[in-house]
Every structure is written in C-alpha cells, then in structure tokens.
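Below, each chain spelled out in residue letters.
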Amino acid sequence: MKVRVDPDRCQGHTLCAMAAPDVFELSEIDGHATAIDTEIPETLEENVREAVRSCPEQAITIL
C-alpha cells in the first residue's frame, strides 16, 4: 500500500495524524500533513484507511 496527501486539498485538520501517527507528519507552520513514507507497512494499513475516511477534505489517496 502507498499513500499520498494532496497538498492543495489538505487544510491541516490533523485527523490523519491522530488516526495514523506513524504514517503522517504535520507541518509546524500550518499543520498540513505529509506522508512520512509513501510505502505503508501492512500492520498500519487499517490506520491509514481510517485516516482516509476521517479526512474532511478528502486529501489522502491510497495508491
């Protein structure tokens, strides 16, 4: 599984980092998220799916 955060859609709600803190990091400036690593270990896949479901901006894509 791979994951990507669209920087144009992300508004810094931080819900993804709450759902999957080992996958997403937040900018200290504006709270916008980026994936720490685009290749997600199998053990974290359900957390990433929860992050996708919880993103109000639909900025997270599973590839």
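Procedures and definitions
Throughout, a residue's number is its position along its own chain's written sequence, starting from 1. At least 70 in pLDDT is required for a residue's local features to be given in this predicted model, at least 80 for side-chain atom pairs to be given and counted, and no such filter applies to totals for whole chains, interfaces and linings, which use all residues. With hydrogens and water set aside, each side-chain value is computed from the structure's full complement of heavy atoms. Note on terminology: a nonpolar core comprises buried Ala, Val, Leu, Ile, Met, Phe, Trp, Tyr and Cys residues joined through side-chain atoms within 4.5 Å. Only protein chains enter the area calculation, which uses a 1.4 Å probe; residues under 20% of their type maximum are buried, those over 50% are exposed, and those in between are partly exposed. Helix numbering and strand numbering both begin at the N terminus, where a helix is a DSSP run of H or I of at least 4 residues and a strand a DSSP run of E of at least 2. By definition in these notes, contact holds between two residues if any of their heavy atoms fall within 4.5 Å. N or O atoms closer than or at 3.5 Å make up a polar contact, with two conditions inside protein: a donor-capable atom paired with an acceptor-capable one, and, for residues adjacent in sequence, both atoms drawn from side chains. Each C-beta atom gives one direction from the helix axis, and the arc is the one those directions make.

Draft legend 1. Representation of the nonpolar core in the model. In terms of nonpolar packing, the biggest core is built from 18 residues, with Val-3, Val-23, Phe-24, Ile-40 and Ile-60 touching the most fellow members. Elements supplying a minimum of two residues to this core: strand S1 (3-5), helix H1 (15-19) and helix H2 (45-54). The element that contributes the greatest number of residues to this core is H1, accounting for three residues. The residues touching Val-3, leaving out its near neighbours within four places in the chain, are Val-23, Phe-24, Ala-35, Asp-37, Thr-38, Ile-40, Val-48, Ile-60 and Thr-61.

Draft legend 2. Quick look at the environment of His-13. Within the fold, His-13 resides in the loop between S1 and H1. Using a relative accessible area of 39% as the deciding quantity, one classes His-13 as partly exposed. Those residues within four positions of His-13 in sequence are excluded, and the remaining contacts are Met-18, Pro-56 and Glu-57. In terms of polar contacts, His-13 uses its side chain to reach the side chain of Glu-57, at 3.0 Å.

Draft legend 3. The arrangement of H2 in detail. Within H2, burial applies to Glu-45, Val-48 and Ala-51. Considered in projection along H2, the buried side chains sweep an arc of 115° and stay on one side of the axis. Buried residues in H2 make contact with S1, H1, strand S2 (24-26) and strand S4 (60-62).

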